[in-house]
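Structural characterization, general
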Amino acid sequence: MREGTKLYTPSLSTIKLPTEARTCPNLVGGQWREPQGARLVDVTSPYTGNVIGRVPMSSAADVAAVVSEAKRAAEGWRVAPIKERSQKMFRFRQLLEDNLEKLAHSVAAESGKTLAEARAGVLKGMEVVEFATSIQNLDTGGSLEVSRGVYCEYRREPLGVVAGITPFNFPAMVPMWMFPIAITVGNAFILKPSEKVPMTSVLLGELMIEAGFPAGIFSVVHGGKEAVDALVTHPDVAAIGFVGSSAIAKYVYQLGASKGKRVLALGGAKNHLIVVPDADKDLTAQAVVDSFTGCAGQRCMAGSVMVAVGDVDPIIEEIRRRAASIEVGTGMGAIIDGAALGRIRSAIGVAEKEGARVIVDGRTKAPAESSYAKGTWIGPTVLDGVSDAMDVSGTEVFGPVLSIVRVKTLAEAVALENKNPYGNAASIFTTNGGVAQYVAEHARSGMIGVNVGVPVPREPFSFGGIQESKFGHGDITGESGVEFWSSLKKITRKWSVQHDATWMS
Ligand code: NAD
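Residues numbered from 1 in each chain as written. Predicted model: local features only at pLDDT ≥ 70, side-chain atom pairs only at ≥ 80, totals over all residues. Heavy atoms only, no water.

This paragraph deals with the overall build of the chain. If you tally the helices and strands in the chain, you get 15 helices and 21 strands. Projected onto its principal axes, the C-alpha coordinates of the chain cover approximately 80 × 60 × 40 Å. Classification of the 505 residues of the chain by burial places 58% in the buried group. Pairs at least 24 apart in sequence give 76% of the contacts found in the chain among residues at least 6 apart. Total accessible area on the chain is roughly 20,100 Å²; 53% of this is exposed by carbon and sulfur atoms. The averaged location of the 52 negative side-chain charges in the chain is 4 Å from the averaged location of its 52 positive side-chain charges. (Helix = DSSP H or I, 4+ residues; strand = E, 2+ residues; numbered from the N terminus. Buried < 20%, exposed > 50% of the residue type's maximum accessible area, 1.4 Å probe, protein only. Contact = heavy atoms within 4.5 Å. Areas by Shrake-Rupley, 256 points an atom, 1.4 Å probe, with all protein chains shown as cover. Lys, Arg positive; Asp, Glu negative; His and termini not counted. Charge placed at Lys NZ, Arg CZ, Asp CG, Glu CD.)

And the structure:
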């Protein structure tokens with residue numbers, strides 16, 4: 001349990017874990033199919049370490065089969081009026097609401113989130129679906145008489161077959177950043193979910209079928225590098241949305257661009273929370289703790305560096321108290337797997353050796369219940385006295401670890417933020433409007449928070465960072481998403497002889 005927030009699970013036993021380890025099938029042309037001869041990889045629950053499913057590593061041939069069916073489906077879908085396409089998206093939204101608990105349990109079971117965090121992720125995805133259903137009213141094209149008797153019209157056209165490659169940390173929300181918009185504007189969409197969390201995408205596929213989308217408009221292909229490479233280089237896939245680590249985002253961006261494709265690849269992050277002495281103690285402490293412990297720090301919007309400007313010790317003490325009181329399991333979820341847990345522990349150990357003070361140590365924390373003993377657990381950890389030179393201050397740890405770096409001036413704090421190669425989010429905690437404005441104007445990040453620890457822009461505002469946090473142009477949601485998944489066609493018309501013709505039209 002934790003104070004000031006509802007993002008906990010009332011009791012660990014309320015999370016329904018699958019009792020049988022089923023193999024996740026691909027969704028190909030509206031049919032669920034297990035790819036023949038594919039290597040199967042275990043899916044384990046971060047809660048228990050138990051195998052809860054299996055995922056096939058699809059081959060390039062499996063990907064080609066999915067693309068072929070999607071291509072056939074895209075031909076009919078692109079000419080369906082947007083009102084017809086939107087009707088199915090309305091139905092899908094209702095099905096998401098009806099199945100919210102089932103989806104939330106699936107997300108929690110495979111990703112290790114608390115049940116409430118899992119629910120919140122599905123609800124955020126639903127906001128994108130709601131935005132997608134409004135495109136029919138927002139984006140109606142345009143027409144203008146550009147010279148006497150000459151009319152110019154623009155209309156939005158889909159790209160054809162498009163694909164989304166997604167990370168482990170939001171099994172429902174990140175796919176839903178992409179496919180509701182891509183499909184509503186008239187594309188056929190292929191999802192390649194993370195092989196660590198393949199099960200929720202099967203549920204999403206079932207709901208898309210139930211919503212009445214034609215076979216092949218939404219497809220799922222499971223797998224790893226081979227499937228990704230095959231999708232990104234397939235000549236019939238026009239655009240790729242990617243969300244994951246920066247190294248793979250850059251790789252996918254470069255590979256897709258080398259094939260002449262449109263690619264938007266969102267990467268990792270190192271988000272700075274700047275705290276000045278006039279900040280409100282309670283608001284700031286709760287926001288900082290929620291930011292670095294929410295989703296056990298496994299989100300690209302987690303505030304992982306607190307930049308303490310001057311004397312903010314009373315706020316740090318409050319952060320220490322609140323972070324230390326979080327119960328692992330119910331108040332904070334689990335780490336995705338043993339490799340990630342090892343990486344997080346090692347980052348803490350190295351920082352300690354380099355001279356950081358561990359003022360909250362979560363390394364031995366785990367739920368008391370023995371059935372969760374094999375889960376991958378760590379408690380909130382706060383490192384004070386972190387210096388700019390330490391690895392932990394610049395590397396994405398992707399765990400519930402807060403590094404506190406102390407500086408003397410606001411300018412130093414902003415310079416520290418701007419030095420890091422990422423550019424996802426930065427926040428300022430202050431009661432002074434001028435200070436807030438300075439940071440909003442000078443911080444080099446795509447999303448800025450003022451007294452907000454996780455400054456995710458809600459729909460219809462678009463989501464996306466800059467620098468190493470994003471490769472490609474535009475953002476993934478909102479109007480930017482509409483732009484990304486479509487092209488504008490311009491039509492110039494004239495029906496009679498023009499007596500004052502200009503050299504153009
Ligand atoms: P990841 O990069 O390991 O995996 C993402 C996807 O890439 C998966 O579908 C995976 O199968 C595929 N992939 C992995 N290795 C590959 C390779 N060598 N070649 C081709 N494809 C490959 O990321 P992850 O660990 O699943 O997710 C965590 C990362 O995602 C963090 O860095 C986090 O910051 C980032 N993330 C960013 C955002 C954002 O909006 N910027 C949102 C969520 C997560």
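Rolled over the atoms, a probe sized like a water molecule indicates the empty space that remains. As a volume, the second largest pocket reaches approximately 550 Å³. As for the second largest pocket, its lining consists of 18 residues, of which Pro18, Glu20, Arg22, Met199 and Leu203 are closest to the centre. Taken together, the elements giving at least two residues each to the lining of the second largest pocket come down to strand 1 (22–23), strand 5 (51–57), helix 3 (100–111) and helix 6 (199–210). Considering only residue class, the lining of the second largest pocket consists of 8 nonpolar, 5 polar and 5 charged. (1 Å grid on protein atoms, 1.4 Å probe; cavity = no way out; pocket = protein on both sides within 12 Å on 5 of 7 lines; lining within 4 Å. Points joined across faces, edges and corners; volume = space filled by probe spheres on them. Nonpolar A, V, L, I, M, F, W, Y, C, P; charged D, E, K, R; others polar.)

Over its 12 residues, helix 3 runs 16 Å from end to end, which matches the ideal 16 Å to within 8%, given 1.5 Å per residue. The element helix 3 is largely enclosed, with a buried count of 10 among its 12 residues. Where helix 3 is buried, its residues meet strand 4 (39–44), strand 5, helix 2 (82–98), helix 4 (115–138) and helix 6. Phi for Gly112, located one or two positions after helix 3, is positive at around 90°. (Expected span 1.5 Å × (residues − 1).)

Another aspect to go through is empty space enclosed by the protein. Applying the stated criterion across every chain, the model contains 2 cavities of 30 Å³ or more. Estimates place the volume of the largest cavity at around 90 Å³. Along the wall of the largest cavity there are 15 residues; nearest its centre are Gly297, Arg299, Ala302, Ser304 and Phe398. Along the lines of polarity and charge, the residues of the lining of the largest cavity split into 7 nonpolar, 5 polar and 3 charged. Taken as a whole, the second largest cavity spans an internal volume of roughly 50 Å³. Lining the second largest cavity, in full, are Ser111, Gly112, Lys113, Phe168, Asn169, Cys295, Ala296, Gln298, Gly333 and Ala334.

Let's shift gears to the site of the ligand. The immediate surroundings of the ligand are formed by 26 residues, with Lys192, Glu195, Ser245, Gly267 and Glu396 found nearest. In the environment of the ligand, an oxygen atom lies 2.8 Å from a nitrogen or oxygen atom belonging to the side chain of Lys192. Within the backbone of Gly267, one N or O atom sits 2.7 Å away from a nitrogen atom of the ligand. Protein chains shield 88% of the accessible area of the ligand, which is 850 Å² for the free molecule. Of the residues belonging to the shell around the ligand, the class tally is 14 nonpolar, 8 polar and 4 charged. Taken together, domain 1 (7–267 + 469–489) and domain 2 (271–450) each give at least three residues to the shell around the ligand, which thus spans both. (Near = heavy atom within 4 Å. Polar contact = N/O pair within 3.5 Å; in protein donor to acceptor, adjacent residues only side chain to side chain. Domains from an automatic or database assignment.)

To continue, consider helix 1 (residues 60–79). Over its 20 residues, helix 1 runs 29 Å from end to end, which matches the ideal 28 Å to within 8%, given 1.5 Å per residue. At Ala73, helix 1 shows its maximal kink, close to 30°. All of the buried residues along helix 1 are Asp62, Val63, Val66, Val67, Ala70, Ala73, Ala74 and Trp77. (Bend = angle between axes of the 7 residues up to and from the residue.)

Among the nonpolar cores identified, the biggest contains 93 residues, and Phe92, Trp177, Ile183, Phe189 and Trp485 are the most heavily contacted of them. No fewer than three residues from each of domain 1 (7–267 + 469–489) and domain 2 (271–450) sit in this core. (Core = buried A, V, L, I, M, F, W, Y, C linked by side-chain atoms within 4.5 Å.)

The next point concerns the pattern of salt bridges. Taken as a whole, this structure holds 29 salt bridges when the rule is applied. Between Glu157 and Arg78 there is a salt bridge; the shortest N-O distance is 3.4 Å. On the criterion of sequence distance, the pair formed by Glu157 in strand 7 (residues 150–158) and Arg78 in helix 1 is long-range, its members being 79 residues apart. You can call Glu157 buried: its relative accessible area is 17%. The shortest N-O distance in the salt bridge between Arg458 and Glu127 comes to 2.4 Å. On the criterion of sequence distance, the pair formed by Arg458 in the loop between strand 19 (447–450) and strand 20 (470–471) and Glu127 in helix 4 is long-range, its members being 331 residues apart. Put simply, Asp282, Glu318, Arg321 and Arg322 are held in one network by salt bridges that share partners. (Salt bridge = Lys/Arg side-chain N within 4 Å of Asp/Glu carboxyl O.)

This part takes up the pairing of strand 12 (residues 262–266). The buried fraction of strand 12 amounts to 4 of the 5 residues, a majority that puts the element mostly inside the structure. Pairing analysis gives 5 bridges linking strand 11 (residues 237–243) to strand 12, with the strands arranged parallel. Residue pairing for strand 12: Ile240 is matched across the bridge by Val263. Each parallel crossover has a hand, and for strand 11 linked through helix 8 (residues 246–258) to strand 12 it is right-handed. Inspection of the sheet shows strand 12 paired to strand 20 by 2 bridges, in the antiparallel sense. From the neighbouring strand, Ala265 faces strand 20, where its bridge partner is Phe471. (Pairing = 2+ DSSP bridges. Right-handed = clockwise from strand over helix to strand, strands pointing away.)

Mapped onto the secondary structure, His272 falls in strand 13 (residues 271–275). Since its relative accessible area comes to 2%, His272 is described here as buried. Within the structure, His272 has its side chain in polar contact with the backbone oxygen of Lys270 (distance 3.3 Å).

Turning next to the sheet that holds strand 21 (residues 486–494). Across the sheet, which stays open at both edges, the 3 strands sit in the order 6-7-21 with antiparallel pairing between neighbours. The open sheet has two edge strands with one neighbour each: strand 6 (142–147) and strand 21. Within this sheet the neighbouring strands show an average axis-to-axis angle of 25°, counted without direction. Here 9 bridges tie strand 7 to strand 21, and the two strands are oriented antiparallel to one another. Residue pairing in the sheet places Glu157 in a bridge with Ser487 of strand 21. (Axes fitted to C-alpha atoms, helices over the stretch in contact; angles between N-to-C directions.)

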